[in-house]
Amino acid sequence: MKNVFQSLSEKERRRYAAIETVKLGRGGLRYMAELLGCSEHAIRHGIRELDSLPHDELGDRQRAPGGGRKPKIEQQPEIEDQLFEIVDVHIAGSPDEPDIVWTHLSPQAIAETLHQNGASISAPTVADWLAENDIRRRKIEKSIAGGQSPDRNAQFEQIARLREEFEDSGDPIFSIDTKAKEQLGTMYRAGRAYCNHPQKAFDHDYPSWSDGVLIPHGIYDMARNHGHLNLGLSHDTSEFACASFWWYWRRIGRFHYPDASRILWLCDGGGSNSSRHWIFKQDLSQLADRIGLPIHVAHYPPYCSKYNPIERRFFSHVGRTCRGLLLRSAKFAAELMRKTTTTTGLSTTAHILRGAFELKRKATQEFMDRMPIHFSDLLPRLNYTAVPG
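We now turn to the structure provided with this report. (Residues numbered from 1 in each chain as written. Predicted model: local features only at pLDDT ≥ 70, side-chain atom pairs only at ≥ 80, totals over all residues. Heavy atoms only, no water.)

1. A short note on the overall build of the chain
Step number 1: In terms of regular secondary structure, the chain is built from 14 helices and 11 strands.
Step number 2: Computed over its C-alpha atoms, the radius of gyration of the chain comes to 33 Å, more than 25% above the 21 Å expected for a compact globule of 389 residues.
Step number 3: Along the first, second and third principal axes, the C-alpha set of the chain runs to 110 × 50 × 45 Å.
Step number 4: Expressed as a percentage of the 389 residues in the chain, the buried residues total 39%. (Helix = DSSP H or I, 4+ residues; strand = E, 2+ residues; numbered from the N terminus. Rg over C-alpha atoms; globule rule 2.2 N^0.38 Å. Buried < 20%, exposed > 50% of the residue type's maximum accessible area, 1.4 Å probe, protein only.)

Take a look at the structure:
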């Protein structure tokens, strides 16, 4: 009987004990409780459940709602008072957002403090209590802009107009940017990956220990939901950005837009496609000459680069694909990045761009005199067009 009793679930145990108790009659309750090692209260509970059959209110549940052993904090309300006192002393808040509070104490430290005050409680129980009060581990959100551009709203409205205009005409819209550089070789990378043993990496991230640097320049086709990465091995310059698009357009873009009469670039205002540097405009003008189509450029206002569609629609998924894996070579990185897909249909291509690109180039005087760039009447420093000569 004991073996059968131990093999049953909690609900089935008390009902089995109740059936055997009813069979014995007077004195059976105490005898079965001692024989099976359960409480008389549980057997009485089982007898009441037998009386309610076949209309069983529990169904598949083992206990009624609210049943079972109560958490230790609920059993001893004075412990919760002590918890509030401890946390209140070691808690801080944001002066700008009073609803946000944090504590530097870990659940283990709080449990040890309670133990010193004579209360016995475990760190997991403290962690559960903190969670119930909505205090848990959270990452810092990078959501505060470093500044505010006075042209923010006007430029966003301009970009919306350009996008609608190009979508209506069927001309291509590309979101352009350079992803964060990656170190090649056995260099540590954040994240986790499925594997039977952890991969080994250097314990320091010295650039001299790497096998080179990888510069992923991204081109995101918004209409086709397609992203392309040209992986540079030299420097992130305006020449590299334009060479990257030339390779993409020659090998991929022009076949999908054979009737295109113009191209729209959406990009931020810094880096290799800086809105302030004339060398970018010179390289862009040369690119327009090679392609034979005008290239309209619309820069996102300062502090707004995260609104560039390539950031959330493409780069975030590439980062997910490569997370926790060592980029041992440029070839492996390209193969890995090509596997980036989403359930909404994102596809990815990648190519290694092995050319060398010179740093600290300046626009020529001949270009400055000729100036084949047409600036928009609205915010000309952020909106202009390179027209082929």
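2. Side note on the pairing of strand S6 (residues 226–232)
Step number 1: The buried count for S6 comes to seven of seven residues, which makes it a mostly enclosed element.
Step number 2: Residues His 226, His 228, Asn 230 and Gly 232 line one face of S6 and the alternating positions Gly 227, Leu 229 and Leu 231 line the opposite face, and both faces are buried.
Step number 3: Of the pairings in the sheet, the one linking strand S5 (residues 213–221) to S6 comprises seven bridges and is antiparallel in character. Each residue of the ladder has a partner; that of Gly 218, found in S6, is Leu 229.
Step number 4: Where S5 folds back on S6, the antiparallel hairpin that results is connected by four residues, among which Asn 225 adopts a positive phi of roughly 55°.
Step number 5: As judged from the seven bridges shared by S6 and strand S9 (residues 347–353), these two strands associate in the parallel manner. When the bridges of S9 are listed, Leu 231 appears paired with Ile 352. (Pairing = 2+ DSSP bridges.)

3. A few points about the pairing of S5
Each regular strand displays side chains that alternate between the two surfaces of the sheet.
Step number 1: Of all nine residues that make up S5, eight are buried, and the element is covered over most of its length.
Step number 2: Looking at chain direction, strand S3 (residues 173–178) and S5 are connected through five bridges and run antiparallel. Bridge pairing links Asp 177 to Gly 218 in S5.
Step number 3: Sheet topology note: the strand S4 (residues 182–183)/S5 ladder contains two bridges and is antiparallel. Across the sheet, Gln 183 pairs through a bridge with Val 213, a residue of S5.

4. A look at the packing of aromatic side chains
Step number 1: Using the criterion set out here, one finds 17 aromatic pairs in the structure.
Step number 2: Ring centres 4.8 Å apart and planes at 90° place the aromatic pair Tyr 206 and Trp 209 in the edge-to-face group.
Step number 3: Residue class for Trp 209 comes out partly exposed when judged on its relative accessible area of 36%.
Step number 4: Taken together, the aromatic side chains of Phe 174, Phe 245, Tyr 248, Trp 249, Tyr 257, Trp 265 and Phe 280 make up a single cluster linked through ring pairs.
Step number 5: The lysine or arginine in question, Arg 13, covers the ring of Phe 5, its NZ or CZ lying 5.5 Å from the ring centre.
Step number 6: Stacked on the ring of Trp 278, the Lys or Arg Lys 281 has its end atom at 5.2 Å from the ring centre. (Phe/Tyr/Trp six-rings, centres within 6.5 Å; stacked < 30°, edge-to-face > 60°. Lys NZ or Arg CZ within 6 Å of the ring centre and 35° of its normal.)

5. A short note on a negative patch on the surface
Step number 1: Together, Glu 78, Asp 81, Glu 85 and Asp 88 make up a negatively charged patch on the protein surface.
Step number 2: In this fold, Asp 81 is placed in helix H6 (residues 77–89). (Patch = residues over 30% accessible without salt bridge, like charges linked within 9 Å, V, L, I, M, F, W, Y side chains within 5 Å. Areas by Shrake-Rupley, 256 points an atom, 1.4 Å probe, with all protein chains shown as cover. Salt bridge = Lys/Arg side-chain N within 4 Å of Asp/Glu carboxyl O. Lys, Arg positive; Asp, Glu negative; His and termini not counted. Charge placed at Lys NZ, Arg CZ, Asp CG, Glu CD.)

6. So, the nonpolar core
Step number 1: Counting residues in hydrophobic clusters, the biggest one holds 31 residues, and the most contacted among them are Phe 174, Phe 245, Trp 249, Ile 263, Trp 265, Ile 291 and Ile 295.
Step number 2: Mapped by element, the contributors of at least two residues to this core are S3, S5, helix H10 (238–256), strand S7 (263–267), helix H11 (278–291), strand S8 (295–299) and strand S11 (383–386).
Step number 3: Tallying contributions element by element places H10 first for this core, with eight residues.
Step number 4: Non-local contacts of Phe 245, meaning those with residues more than four positions away in its chain, are made with Phe 174, Ile 176, Ile 219, Ile 263, Trp 265, Leu 287 and Ile 291. (Core = buried A, V, L, I, M, F, W, Y, C linked by side-chain atoms within 4.5 Å. Contact = heavy atoms within 4.5 Å.)

7. As for unusual backbone geometry
Step number 1: Unusually for a residue other than glycine, Met 371 sits at a positive phi of about 45°.
Step number 2: By the secondary structure assignment, Met 371 is in the loop between helix H14 (365–370) and strand S10 (373–375).
Step number 3: A relative accessible area of 21% places Met 371 in the partly exposed class.
Step number 4: The phi dihedral of Leu 379 is positive, around 50°, even though this residue is not glycine.
Step number 5: In this structure, Leu 379 sits in the loop between S10 and S11.
Step number 6: Judged by its relative accessible area of 15%, Leu 379 is buried.

8. Describing the side chain of Asn 273
Step number 1: With respect to the element layout, Asn 273 can be found in the loop between S7 and H11.
Step number 2: Judged by its relative accessible area of 2%, Asn 273 is buried.
Step number 3: A distance of 2.9 Å separates polar atoms of two side chains, one belonging to Asn 273 and the other to Asp 268. (Polar contact = N/O pair within 3.5 Å; in protein donor to acceptor, adjacent residues only side chain to side chain.)

9. Considerations on a nonpolar patch on the surface
Step number 1: Together, Phe 202, Tyr 206 and Trp 209 line one region of the surface with nonpolar side chains, adding up to about 290 Å² of accessible area.
Step number 2: The topology assignment puts Tyr 206 in the loop between S4 and S5.

10. Considerations on the pattern of salt bridges
Step number 1: In total, this model carries 13 salt bridges according to the counting rule given.
Step number 2: Note that Asp 151 is salt-bridged to Arg 381, the shortest N-O span being 2.6 Å. In this pair, Asp 151 is assigned in the loop between helix H8 (123–132) and helix H9 (152–169) and Arg 381 in the loop between S10 and S11, connecting sequence segments 230 residues apart.
Step number 3: Across the salt bridge formed by Asp 171 and Arg 262, the nearest N and O atoms sit 3.1 Å from each other. Of the two residues, Asp 171 sits in the loop between H9 and S3 while Arg 262 sits in the loop between H10 and S7, which places them 91 residues apart along the sequence. Of the two residues, Asp 171 and Arg 262, neither departs from the other in class, the shared state being buried.
Step number 4: Among the ionic contacts, a cluster of salt bridges with common partners joins Glu 10, Arg 14, Arg 15 and Glu 49.

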